[in-house]
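What the coordinates show
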Amino acid sequence: MTKTPSRGQGCPFTPSRRGVLLGLGAGGLGAMASVVQAPGAQAKDAPQVNDAPEARAETTARRVPYLGAHQAGITTPRPEAGLVASFDVVAFSPKDVERMLRTLSERIAFLTQGGEVPERDPRLPPADSGLLGPVVQPDNLTITLGLGHSFFAGRDWLKDLAPAKLQQMVEFPNDALEPALCHGDLSLQFCANLPDTNIHALRDIVKNLSDTMVLRWMMEGSVPPVVPDASGETSSARNFLGFRDGSANPDSTDDAAMDRIVWTHGTDEPAWAQGGSYQAVRMIRNFVERWDRSALAEQEAIFGRRKVSGAPLDGGPEASERDVPDYAADPEGTATPLDCHIRMANPRTPGSEKHLILRRPFNYSRGVSPNGQLDQGLLFICYQADLEAGFITVQNRLNGEPLEEYLKPFGGGYFFVLPGVSEAGDYLGSGLITAARRA
Ligand SMILES: C=CC1=C(C)c2cc3[nH]c(cc4nc(cc5[nH]c(cc1n2)c(C)c5CCC(=O)O)C(CCC(=O)O)=C4C)c(C)c3C=C
Ligand SMILES: [Fe+2]
């Protein structure tokens, strides 16, 4: 007697059962899908629920060079997925710190350039988490390494070599900093096409450096891709307040501008630090429910730009986000309010170019706050040659801006991004370690 499988026992759609249901013999199965379909059944080639979303080989193979005078991930175009992680470092001697930096550099080189995962004796844990399969694709990954004030302060042999402007982040008037989400000895910024590429890289580093680096906090974010317009021009991506973010950012392809604005230079910095950059990270919550209930005119007056086009408020109907506001022609703030975000951040007066910064933010969304509100905002990241002239001055100018009613910064820190690795075999921070050994 043939037993009919009850619900949950056996699979009711194995090929033989399907064939029987459709009244076809075993030989008729090949033609089945294209000829007859059971009600609710799908064509053989139709996408299935468990088909993986399709990746584009050309995109996952994209590689950002690891070697260079500066680390990647600063002037590099932002891909969709970002992650910043901060660590406490438990290596204290020059020898242990050098070992940590060498291992970290090796992992960063491998993860960003890609390659085959080595096979190991199956009695051992695998060499890799396997999240990306047996061949790690670069997927545009960059990993940018920075050191915090506490890293230098916690090691006597490094105290005289600390970058001149590096300091611990202090609370600004509108901040509500959560200690567990602030500061750290070492920061890693991961940026890639896919969030899984960042997670894979973070897991690799956490595993391979578990003896020296302890995770302190992390935050993930994203940038929405933008469809180019008919002429091939792309506009800036929107943040979670619905405004284009990045319109007035300095041109990151202009090397001379980047040398002035982003890369450390000058005699007040130690020689080993030339070519690095100061990184300011801020986790800033947006009160999106309140924002979504505020008038469009108020939103635009708060930022000083049009919501749809991103154009400055003093432009005509055809103005675009690339137009530059003329504050000298509007001294009373009739068109562009004196207290709007862009005018306070950059008053465009003689001398204000000394305070330019390169912004590289990601939107974040991390669920629901304890009082039932959306926990969304900006993982604000910016780079500058001088932390005081850059982020700290701009943030002090922004203190008390009307936008504060919709914002609450709650975490982050300041880090010094090490200069790049120029030749294979060298490692990130080698200049610092050599200088420390010479001193
Ligand atoms: C201290 C630096 C800054 C913080 C923190 C900051 C937070 C923040 N910004 C937006 C949205 C926008 N910012 C825009 C411009 C802009 N912002 C800063 C600095 C900080 N922003 C600068 C220097 C500028 C450029 C000013 C200029 O030169 O004109 C804009 C306008 C478009 C653009 O240029 O990007 C938007 C929109 C949010 C939502 C936010 C915190 C959550
Ligand atoms: Fe801003």
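Here is what the cut-offs are and how they apply
Residues numbered from 1 in each chain as written. Chains lettered and ligands numbered in written order. Predicted model: local features only at pLDDT ≥ 70, side-chain atom pairs only at ≥ 80, totals over all residues. Helix = DSSP H or I, 4+ residues; strand = E, 2+ residues; numbered from the N terminus. Contact = placed C-beta atoms within 7 Å. Near = placed C-beta within 6 Å. Nonpolar A, V, L, I, M, F, W, Y, C, P; charged D, E, K, R; others polar. Buried ≥ 20, exposed ≤ 12 C-beta atoms within 10 Å, placed from the backbone. Pairing = 2+ DSSP bridges. Core = buried A, V, L, I, M, F, W, Y, C linked by C-beta atoms within 7 Å. UniProt positions renumbered as here; feature names shortened; annotations may be inferred. Expected span 1.5 Å × (residues − 1). Arc of directions from axis to C-beta. Axes fitted to C-alpha atoms, helices over the stretch in contact; angles between N-to-C directions. Parallel < 35°, antiparallel > 145°, perpendicular 65-115°, else oblique. Left-handed = near helix turned anticlockwise from the far one by under 90°.

1. Considering the overall build of the chain
Within the chain one finds 12 helices and 11 strands. With the C-alpha coordinates aligned to their principal axes, the bounding extent of the chain is approximately 90 × 60 × 45 Å. Long-range pairs, those at least 24 residues apart, make up 74% of the contacts in the chain between residues at least 6 apart in sequence.

2. Re the site of ligand 1
Around ligand 1, 26 residues are found, and the nearest of them are Phe243, Ala248, Ala345, Asn346 and Leu378. Elements supplying a minimum of two residues to the shell around ligand 1: β7 (277–286), α10 (341–345), β10 (374–384) and α11 (388–398). Ranked by residues supplied to the shell around ligand 1, first place goes to α11 with 4 residues. Across the shell around ligand 1, the residue classes tally to 14 nonpolar, 8 polar and 4 charged.

3. Quick notes on the pairing of strand β4 (residues 142–148)
Counting buried positions over the 7 residues of β4 gives 7, a clear majority of the element. Residues of β4 alternate between two faces, with Thr142, Thr144, Gly146 and Gly148 on one and Ile143, Leu145 and Leu147 on the opposite face, all of them buried. Bridge count for β4 against strand β5 (residues 186–192) is 6 bridges, and the pairing is antiparallel. Looking at the pairing, Thr144 lines up with Gln189 of β5.

4. Considerations on the nonpolar core
Ile143, Phe190, Val262, Leu379 and Cys382 are the most contacted members of the largest nonpolar core, which totals 76 residues. Ignoring any residue separated from it by four or fewer positions in sequence, one finds Ile143 in contact with Gly73, Ile108, Leu111, Thr112, Leu188, Phe190 and Ala201.

5. So, the UniProt feature "binding site: heme b" (unreviewed entry) in the chain
The positions UniProt marks with the feature "binding site: heme b" (unreviewed entry) are Gly246, Ser247, Ala248, His341, Asn346, Pro347, Arg348 and Arg359. Checked against the element boundaries, Ser247 lands in the loop between β6 (213–222) and α7 (255–261). Note on Ser247: 19 C-beta atoms within 10 Å, which makes it partly exposed. Residues contacting Ser247, with those up to four places away along its chain left out, are Ser236, Gly310 and Glu321. Overall, the presence of 18 C-beta atoms within 10 Å leaves Asn346 in the partly exposed class. Discounting residues that sit within four places of it in the chain, Asn346 has contacts with Ala248 and Ser352.

6. Focus on the UniProt feature "domain: Dyp-type peroxidase N-terminal" (unreviewed entry) in the chain
Sequence positions flagged by UniProt for "domain: Dyp-type peroxidase N-terminal" (unreviewed entry) are, in local numbering, residues 71–221. End C-alpha atoms of residues 71–221 are separated by 20 Å, and the span's content is 26% helix alongside 24% strand.

7. Focus on unusual backbone geometry
Positive phi outside glycine occurs at Asn140, with the angle close to 70 degrees. Residue position: Asn140 is located in the loop between β3 (135–136) and β4. Residue Asn140 is classed as buried on the basis of its 24 C-beta neighbours within 10 Å. For Arg348, which is not glycine, the phi torsion reads 55 degrees and is therefore positive. One can find Arg348 in the loop between α10 and β8 (358–359). Given 14 C-beta atoms within 10 Å, Arg348 falls into the partly exposed group.

8. Some words on helix α4 (residues 94–113)
Given 3.6 residues per helical turn, the α-helix brings residues three or four places apart onto the same face. Taking 1.5 Å per residue, 20 residues should reach 28 Å; α4 reaches 28 Å between its end C-alpha atoms and fits that length. Along α4, the residues that are buried comprise Val97, Met100, Leu101, Leu104, Ser105, Ile108, Leu111 and Thr112. Across the axial projection of α4, the buried residues extend over an arc of 140 degrees, all falling on one side. Turned more than 90 degrees from where α4 packs its buried face, Lys95 and Glu106 sit exposed. Those residues of α4 that are buried lie in contact with β1 (81–89), β3, β4, α6 (195–208), β6 and α12 (430–438). Positive phi shows up at Gly114, right after α4, with a value of about 80 degrees.

9. Thoughts on the pairing of β5
By the criterion of burial, β5 is predominantly enclosed, with 7 of the 7 residues buried. Residues Leu186, Leu188, Phe190 and Ala192 of β5 are buried on one face, and the alternating residues Ser187, Gln189 and Cys191, pointing to the opposite face, are buried as well.

10. Regarding the environment of Lys354
Looking at where Lys354 falls in the secondary structure, it is placed in the loop between α10 and β8. Take Lys354: there are 12 C-beta atoms within 10 Å of it, and that puts it in the exposed class. Sequence spacing of Lys354 and Ile261 is 93 residues, and the spatial spacing of their C-alpha atoms is 7.8 Å.

11. Observations concerning the packing of α4 against α6
Where α4 meets α6, the closest approach of the two axes is 10 Å, and the angle between their N-to-C directions is 155 degrees. With respect to their mutual orientation, α4 and α6 come out roughly antiparallel. The handedness of the crossing between α4 and α6 is right-handed. Residue-level inspection shows Thr103, Leu104, Arg107 and Leu111 of α4 in contact with α6, the latter providing Ala201, Asp204, Ile205 and Asn208. Among the residues forming the contact of α4 with α6, the class breakdown is 4 nonpolar, 2 polar and 2 charged.

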